[in-house]
Amino acid sequence: MNELVRIRPEDLVAVALKPLKAGECLDYGSGTVTLKEDLPMGHKVALRDIRKGEPVIKYGFPIGEATEDIPEGTHVHTHNLHTLLSGEKEYAWHPTYPKQDPVPPATFMGYPRKNGRPGIRNELWIIPTVGCVNDVAHAIARDAQTLVGGSVEGVYAFPHPYGCSQLGGDQENTRKALAALATHPNAGGVLLLGLGCENSGIQQIRPLMGDFDESRVRFLVCQDVEDEHETALQMLGELAERMRQDQRKPCGADRLVVGLKCGGSDGLSGITANPTIGVFSDLLTAMGGSTILTEVPEMFGAETILMDRCGTEELFGKTVHLINDFKAYFESYHMPVYENPSPGNKAGGITTLEDKALGCTQKSGSSAVCGVLQYGEPVTEQGLNLLSAPGNDLVASTALAVSGAQLILFSTGRGTPFGCPVPTLKIASNTPLAEKKHLWIDFNAGRLLEGKTLEELGQELMELVLATASGQPARNEKNGFHNLAIFKQGVTL
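First, a word on scope: everything that follows refers to the structure included in this document. (Residues numbered from 1 in each chain as written. Predicted model: local features only at pLDDT ≥ 70, side-chain atom pairs only at ≥ 80, totals over all residues. Heavy atoms only, no water.)

**Quick look at the overall build of the protein**
Thought 1: For the protein, the count of helices and strands is 13 helices and 22 strands.
Thought 2: For the protein, the C-alpha radius of gyration of 23 Å lies close to 23 Å, the compact-globule estimate for 493 residues.
Thought 3: In terms of overall dimensions, the protein has C-alpha extents of about 75 × 45 × 40 Å along its principal axes.
Thought 4: Burial status across the protein gives 57% buried among its 493 residues.
Thought 5: Within the structure as shown, the protein displays about 19200 Å² of accessible surface, and the carbon and sulfur contribution to it stands at 51%.
Thought 6: Across the protein, the mean location of the 43 positive side-chain charges is 3 Å away from that of the 59 negative side-chain charges. (Helix = DSSP H or I, 4+ residues; strand = E, 2+ residues; numbered from the N terminus. Rg over C-alpha atoms; globule rule 2.2 N^0.38 Å. Buried < 20%, exposed > 50% of the residue type's maximum accessible area, 1.4 Å probe, protein only. Areas by Shrake-Rupley, 256 points an atom, 1.4 Å probe, with all protein chains shown as cover. Lys, Arg positive; Asp, Glu negative; His and termini not counted. Charge placed at Lys NZ, Arg CZ, Asp CG, Glu CD.)

Structural data, given as structure tokens:
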């Protein structure tokens, strides 16, 4: 096995697959290079002399420009490479997406729901409408654990700091997010818990829930009853009794919606974990299922790849707005659009936002973009969807759940323990991480560097997703990690 990989023939850099020492002469598949300095795993080395001001090519695209002359065999990173990104751009549509051959859908054992979206969990959710009742929700969830058993697979509270003192888009986002979670298929029963004086209370949220199954939802305004704790436990008991009738039944994978997310990425994420998720995404969409790619700021620098895969000119236009609107959001706060990657990303070998974006978008595979969603908007189109949400791990993962994802695939090169309201499978980019943090990691894509093929790993990941959808717990569930974070953009009153 080579110790360096050149991802595309036109690349000017190769990536270290393990820590390498100065003086080593290494084969990168189509040539050799002698290292002039040590190279950490995931980091880049120049394969020829690169002149100051010259674009540096990786993944077949520029990831920035050299800020000084970079001799062959030297480390290419933040000290000699800078982003080329700026503000809004004008784009042209050059459709290049390939046609997909359909794949017979697989099945999983899920919970059918009246609206046709099966749940992969049958849990009781307590959703506060406002942060003022967060502790009440926690206390209710604590005392309702006695209801867990049989078809009642868990009782969870999802506190958040919002629901009041918000204006405009923030207020609407909170209402949409809470309404979507209150009707999420993974919740067999929901208690929507209000205070009574908030500006995003039950009266405002209920109309946004649409035609929901009223047998599975209860509403409680704490100011309206003498003992909200006792009343809530009684309501949860009624919901649990209803849920005990639920049974897992065969469901087609075409009814699955899977969110695609990465965090704590390293230089191997775009080589192993994200392409593995991309193979899975192509498999699921070929079966008629849906995937959602988000983290719009981490599309900057790779956005034209996604635009050219839009199935229609209308979708292309929506994707242009998706990108430029997020850039305008940054600029409205006088923030640079390229304030990314994170310190952990850089330590792992990612230098610029283009570098990160070209690796990040590997999760989308190669299928056509079939839908473009605003924050809080549900998936309606089968296939690959793009969702407007930031890169923050918990905010973006919650946004995926709000748009209907029953499960999240989360690739990582550094490791993270968190879980969002739905099962959050962690896909490691490298074997050392998978072995060290085995209590966090669900799947090791680093095996691509040890002889496995992408196709084999993609199929294995599909099998893991189906097993998880059928009830096998993700690591975050085993650890009891479930969190919620709603996207906030504006002022607080």
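Past the structure itself, the notes keep going.
**Quick word on the layout of surface pockets**
By rolling a water-sized probe across the atoms, one finds the places where empty space is left.
Thought 1: Empty space within the largest pocket amounts to approximately 750 Å³.
Thought 2: Lining the largest pocket are 40 residues, and of these Asn115, Arg117, Thr183, His184 and Pro185 sit closest to its centre.
Thought 3: Put simply, the parts of the chain that give the lining of the largest pocket at least two residues each are helix H2 (168-182), strand S13 (187-194) and helix H10 (393-402).
Thought 4: Counting residues per element, the lining of the largest pocket draws most heavily on H2, at four residues.
Thought 5: Residues belonging to the lining of the largest pocket are distributed by class as follows: 17 nonpolar, 12 polar and 11 charged.
Thought 6: Looking at the second largest pocket, its volume works out to about 470 Å³.
Thought 7: What lines the second largest pocket is a set of 22 residues, and nearest its centre among them are Ile305, Arg309, Gln362, Gly365 and Ser366.
Thought 8: Per-element accounting of the lining of the second largest pocket gives the leading share, four residues, to helix H5 (residues 273-286). (1 Å grid on protein atoms, 1.4 Å probe; cavity = no way out; pocket = protein on both sides within 12 Å on 5 of 7 lines; lining within 4 Å. Points joined across faces, edges and corners; volume = space filled by probe spheres on them. Nonpolar A, V, L, I, M, F, W, Y, C, P; charged D, E, K, R; others polar.)

**Considering the sheet that holds strand S8 (residues 75-76)**
Thought 1: One open sheet accounts for four strands, arranged S1-S2-S5-S8; its pairing is antiparallel. At either end of the open sheet lies a strand with only one pairing partner, and these are strand S1 (4-5) and S8.
Thought 2: Bridge count for strand S5 (residues 44-46) against S8 is two bridges, and the pairing is antiparallel. Following the sheet pairing, Lys44 is matched in S8 by Val76. (Pairing = 2+ DSSP bridges.)

**Overview of empty space enclosed by the protein**
Thought 1: Tallied over the entire structure, the rule returns one cavity of 30 Å³ or more.
Thought 2: Roughly 50 Å³ of internal volume is contained in the largest cavity.
Thought 3: Lining of the largest cavity is provided by 13 residues; of these, Ser265, Ile350, Lys356, Gly359 and Cys360 occupy positions nearest its centre.
Thought 4: By residue number, the principal contributor to the lining of the largest cavity is helix H9 (residues 353-360), which donates four residues.
Thought 5: In terms of residue class, the lining of the largest cavity is made up of four nonpolar, five polar and four charged.

**Remarks on the packing of aromatic side chains**
Thought 1: A complete count under the given rule lists 12 aromatic pairs for this structure.
Thought 2: Ring centres 6.0 Å apart and planes at 90° place the aromatic pair Phe326 and Phe330 in the edge-to-face group. Taken as a pair, Phe326 and Phe330 lie in helix H7 (residues 313-332) at a separation of four residues, close to a single helical turn.
Thought 3: Assessed through its relative accessible area of 4%, Phe326 is described here as buried.
Thought 4: Ring geometry for Phe410 versus Phe418: centroids 5.1 Å apart, planes at 75°, classification edge-to-face. There is no split in this pair, since Phe410 and Phe418 are both buried. (Phe/Tyr/Trp six-rings, centres within 6.5 Å; stacked < 30°, edge-to-face > 60°.)

**A few points about the packing of H5 against helix H12 (residues 454-469)**
Thought 1: Following both chains from N to C, one finds H5 and H12 inclined at 65°, their axes separated by 8 Å at the closest point. The crossing of H5 and H12 is right-handed. Listed contacts from H12 to Pro275, Thr276, Ile277, Val279, Phe280, Leu283 and Leu284 of H5 are Leu454, Glu455, Leu457, Gly458, Gln459, Leu461, Met462 and Val465.
Thought 2: Considered class by class, the residues forming the contact of H5 with H12 number 11 nonpolar, three polar and one charged. (Axes fitted to C-alpha atoms, helices over the stretch in contact; angles between N-to-C directions. Left-handed = near helix turned anticlockwise from the far one by under 90°. Contact = heavy atoms within 4.5 Å.)

**Description of the state of the cysteines**
Thought 1: Per the stated rule, a full pass over the model turns up zero disulfides.
Thought 2: Take Cys310: it sits in no disulfide, and the sulfur closest to it among the cysteines is that of Cys370, at 9.4 Å.
Thought 3: Of the residues examined, Cys310 reaches a relative accessible area of 0% and is grouped as buried.
Thought 4: You can see Cys360 has no disulfide; the closest cysteine sulfur is in Cys262, sitting 3.7 Å from it. (Disulfide = S-S within 2.5 Å.)

**Some points on the side chain of Glu198**
Thought 1: Mapped onto the elements of the fold, Glu198 is located in the loop between S13 and helix H3 (202-205).
Thought 2: Despite being buried, Glu198 has no salt bridge partner; Arg175 is the closest side chain of opposite charge, sitting 9.7 Å away.
Thought 3: Polar contacts involving the side chain of Glu198 include one to the side chain of Thr129, which spans 2.5 Å.
Thought 4: Other than its neighbours up to four places away in sequence, Glu198 contacts Thr129, Val130, Gly163, Cys164 and Gln204. (Salt bridge = Lys/Arg side-chain N within 4 Å of Asp/Glu carboxyl O. Polar contact = N/O pair within 3.5 Å; in protein donor to acceptor, adjacent residues only side chain to side chain.)

**What to know about the sheet that holds strand S18 (residues 369-373)**
Thought 1: Here seven strands make up an open sheet; going across it, the order is S18-S19-S17-S16-S20-S21-S22 and the pairing parallel. Edge positions in the open sheet fall to S18 and strand S22 (443-444), since each of these has one partner strand only.
Thought 2: Bridging between strand S16 (residues 257-262) and strand S17 (residues 290-293) involves four bridges; their strand directions are parallel. If you follow Val258 over to S17, its bridge partner there is Thr291.
Thought 3: Across the face of the sheet, H10 comes into contact with S16, S17, strand S19 (383-387) and strand S20 (407-412) while running at roughly 170° to S16.

Read these as layout, nothing more, since geometry by itself doesn't imply function.
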